[in-house]
Amino acid sequence: MDSKRHHVVVIGSGFGGLFGTKALKGSDVDVTLVAKTTHHLFQPLLYQVATGILSQGEIAPPTREVLAKQRNARVILGEVTEIDLAAKTVVSNIQGRQSVTSYDSLIVAAGAGQSYFGNDHFSEFAPGMKSIDDALELRGRIFGAFELAELAQTEAEIERYLTFVVVGAGPTGVEMAGQIAELAHKTLRRDFRRINTRDARVIMLDAAPQVLPPFGAKLGAVAQKSLEKRGVEVILGGMVTDLDERGLTVQFKDGSDRRIEAATKVWAAGVQANALTQTLADQTGAGLDRAGRISVNPDLTLPGHPEVFVVGDMMALDNLPGVAQVAIQGGKYAAKEITRRVEEKPSQGPFKYFDKGSMATISRFSAVALVGKVHLSGFLAWLMWLAVHLLYLTGFKNRFTALMHWMVTFVSNDRQERTATVQQIYARRAIKKLKGGTASVASSPVEWNSVRTRLEAQALEEARLTDAGERGVHTG
Ligand SMILES: Cc1cc2nc3c(=O)[nH]c(=O)nc-3n(C[C@H](O)[C@H](O)[C@H](O)COP(=O)(O)OP(=O)(O)OC[C@H]3O[C@@H](n4cnc5c(N)ncnc54)[C@H](O)[C@@H]3O)c2cc1C
């Protein structure tokens, strides 16, 4: 890389960050992409990892590999903890190792996390669906629940293990509920001896009055009917007020409560923008919305900082939804704007989002899709879903292996990726209990240097004692 060239720092290797970086390929700039994970995650297929259809590698190729041929891009691992807009620097940390990276232009695309609406303690018993860790933990919990049901001693215990509750009736909730129902009612039905997996209850609940609110009433009703046909109980207008290891309590608008005993809970409701929006708001005075997204100018920059772009799930502009296309188009727009500035060309004008439509699968061969004013459901919508996901999965290898795994699932109803390890189920919770989190299980470079100094001094002393004949084997 040419150190004198305009330097673009990109935070995040998700849809906004990766597509923004790729769009800078032919530009006369150097790019440093900083992300806290080593992969680019295709979040829309996380539910398939959680339910044993795909492996994590198929939806999360290494960012380094994706960008290997892009000579002007460098990838560094680290969680960004500070952005100093005045000094134009980004501070990132990994295992006690700190990096400070200066920029001329910055694209912030650190996405969003799960929101438990002020009840963060729910997360211990109801993992969200935002990361590979989430999906693998859920896989362990879902398949593990059937195992524990097989061992349970009482009917009540069996019922609790065989009750699965998905909180949230948006696309992720619908996809998870549909897949768990297929697992219980079809895939696993011959695998157990004492329990009948078809007795499993799969409940999807939401405080909203309809399923899939962004898809409109008609498609929402189609999705609900289709789920119910597949054995999913849909509870609407109910808010989760309490959630623990054994179940959850739902409160309805009329004030009544209902307790549901359920070992497995999945949280697919609510998102909260990455906390970095707070530091950006503090430094610029830009407003944050209820989901913590920061208001940006029509060209996706921050007030008073034309060199800083915020894209994707972190930005608030014209009520644009938190979907992959908004992030992809935002990342590409920012990259183009930076290139035009470097080339001293005029701005391309404000960011314009092109809505390519939305879709959600309900189960094998069944989906709903909304493209402009066209409403599609059933097999045709599912074919569209298949084509779009194959097109957007990153990398030919991943497309090929995902297609193979889909064939197995679609043709035989089987799942190739049912393995869950003790680490996936328990290690994360154990690490959360450590005071310093993951940092407690790896020494920082500073600590390691002091260990090395001590060992070197010890070795020198051993050599001196041996040379002086005070220690060791004496010959002659
Ligand atoms: C389960 C699920 C299903 C979805 N399904 C669909 C769908 O079907 N269709 C659709 O259009 N959209 C879907 N979405 C939404 C879509 O995935 C997001 O809108 C999109 O990923 C947003 O892109 P982004 O670049 O803003 O953030 P992300 O893709 O989330 O990327 C954020 C990146 O930032 C990194 N990061 C986070 N914090 C830091 C930090 N402090 N320092 C460094 N790096 C950091 C992360 O590791 C990640 O690489 C789904 C989302 C989820 C969770």
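Residues numbered from 1 in each chain as written. Predicted model: local features only at pLDDT ≥ 70, side-chain atom pairs only at ≥ 80, totals over all residues. Heavy atoms only, no water.

Chemist: Even after reading the chapter, I still don't get the layout of surface pockets, so can you show me in this structure?
Modeler: One way to see where empty space is left: roll a probe the size of a water molecule over the atoms. Put simply, the second largest pocket is a space of about 410 Å³. Lining the second largest pocket we find 16 residues, and of these R141, L148, E245, A263 and R429 sit closest to its centre. Contributing elements (two or more residues each) for the lining of the second largest pocket: α5 (132–151), α6 (155–161), β15 (264–267) and α13 (422–433). Grouping the constituent residues of the lining of the second largest pocket by class yields seven nonpolar, three polar and six charged. (1 Å grid on protein atoms, 1.4 Å probe; cavity = no way out; pocket = protein on both sides within 12 Å on 5 of 7 lines; lining within 4 Å. Points joined across faces, edges and corners; volume = space filled by probe spheres on them. Helix = DSSP H or I, 4+ residues; strand = E, 2+ residues; numbered from the N terminus. Nonpolar A, V, L, I, M, F, W, Y, C, P; charged D, E, K, R; others polar.)

Chemist: What is the right way to read the site of the ligand from this model?
Modeler: The ligand sits among 29 residues. The nearest are G16, Q43, V80, N274 and D313. Separating an oxygen atom of the ligand from a backbone N or O atom of A109 is a distance of 3.5 Å. D313 is positioned such that a nitrogen or oxygen atom in its side chain is 2.8 Å from an oxygen atom of the ligand. For the ligand, the accessible surface in isolation is 990 Å², of which the surrounding protein chains cover 88%. For the shell around the ligand, the secondary structure elements donating two or more residues are α1 (15–22), β2 (29–35), β4 (79–84) and α10 (324–342). Looking at the shell around the ligand, you find at least three residues from each of domain 1 (6–36 + 78–114 + 272–342) and domain 2 (120–269 + 364–424). (Near = heavy atom within 4 Å. Polar contact = N/O pair within 3.5 Å; in protein donor to acceptor, adjacent residues only side chain to side chain. Areas by Shrake-Rupley, 256 points an atom, 1.4 Å probe, with all protein chains shown as cover. Domains from an automatic or database assignment.)

Chemist: Got a minute to help me understand unusual backbone geometry in this structure?
Modeler: Comment: phi is negative for the bulk of residues other than glycine, and the bulk of peptide bonds are trans. Positive phi, normally seen in glycine, also occurs at Q95, with a value near 45 degrees. Structurally, the position occupied by Q95 is in the loop between β5 (89–94) and β6 (97–102). Accessibility expressed as a relative area gives 52% for Q95, which makes it exposed. Positive phi, close to 50 degrees, is recorded for D318, a residue that is not glycine. Checked against the element boundaries, D318 lands in the loop between β20 (315–316) and α10. Classification of D318 by relative accessible area gives exposed; the value is 65%. (Buried < 20%, exposed > 50% of the residue type's maximum accessible area, 1.4 Å probe, protein only.)

Chemist: Would you take a moment to explain the environment of I94 for this structure?
Modeler: Examined against the element boundaries, I94 turns out to sit in strand β5. A relative accessible area of 32% places I94 in the partly exposed class. The spatial distance from the C-alpha of I94 to the C-alpha of V80 is 9.2 Å, given a sequence separation of 14 residues. Filtering out sequence-adjacent residues up to four positions away, I94 remains in contact with L77 and G78. (Contact = heavy atoms within 4.5 Å.)

Chemist: Would you take a moment to explain the packing of aromatic side chains for this structure?
Modeler: When we look at a pair of aromatic rings, we describe it by the centre distance and by the angle of the planes. Enumeration over the complete set of coordinates arrives at 16 aromatic pairs. With a centroid separation of 6.0 Å and 65 degrees between ring planes, the pair formed by F365 and F379 is classed as edge-to-face. A residue pair is termed long-range when its members are at least 10 positions apart, and F365 in the loop between β21 (358–363) and β22 (366–371) and F379 in helix α11 (residues 379–392) qualify at 14 residues. An angle of 50 degrees between the planes, with centres 5.4 Å apart, marks the rings of W385 and W406 as tilted. In this pair, W385 is assigned in helix α11 and W406 in helix α12 (residues 396–412), connecting sequence segments 21 residues apart. The burial state of W385 is the same as that of W406; both residues are buried. Pairwise contacts between aromatic rings join F365, F379, W382, W385, W406 and F410 into one cluster. (Phe/Tyr/Trp six-rings, centres within 6.5 Å; stacked < 30°, edge-to-face > 60°.)

Chemist: I would appreciate a short explanation of the sheet that holds strand β13 (residues 247–252) in the present structure.
Modeler: Adjacent strands of a sheet form backbone hydrogen bonds with each other and so pair up, either parallel or antiparallel. Strand order in the open sheet formed by three strands is β12-β13-β14, and the pairing between neighbours is antiparallel. The open sheet has two edge strands with one neighbour each: β12 (238–243) and β14 (257–261). This sheet shows a mean twist of 30 degrees between the axes of neighbouring strands, independent of strand direction. Across five bridges, the pairing between β13 and β14 is antiparallel. Note that in β14 the partner of V250 across the bridge is R258. (Pairing = 2+ DSSP bridges. Axes fitted to C-alpha atoms, helices over the stretch in contact; angles between N-to-C directions.)

Chemist: Got a minute to help me understand a positive patch on the surface in this structure?
Modeler: Judged by side-chain charge, K22, K25, K69, K332, K356 and R399 come together as a positively charged surface patch. Within the fold, K356 resides in the loop between α10 and β21. A residue is classified by how much of its surface remains accessible, and K356, at 41% relative accessible area, is partly exposed. (Patch = residues over 30% accessible without salt bridge, like charges linked within 9 Å, V, L, I, M, F, W, Y side chains within 5 Å. Salt bridge = Lys/Arg side-chain N within 4 Å of Asp/Glu carboxyl O. Lys, Arg positive; Asp, Glu negative; His and termini not counted. Charge placed at Lys NZ, Arg CZ, Asp CG, Glu CD.)

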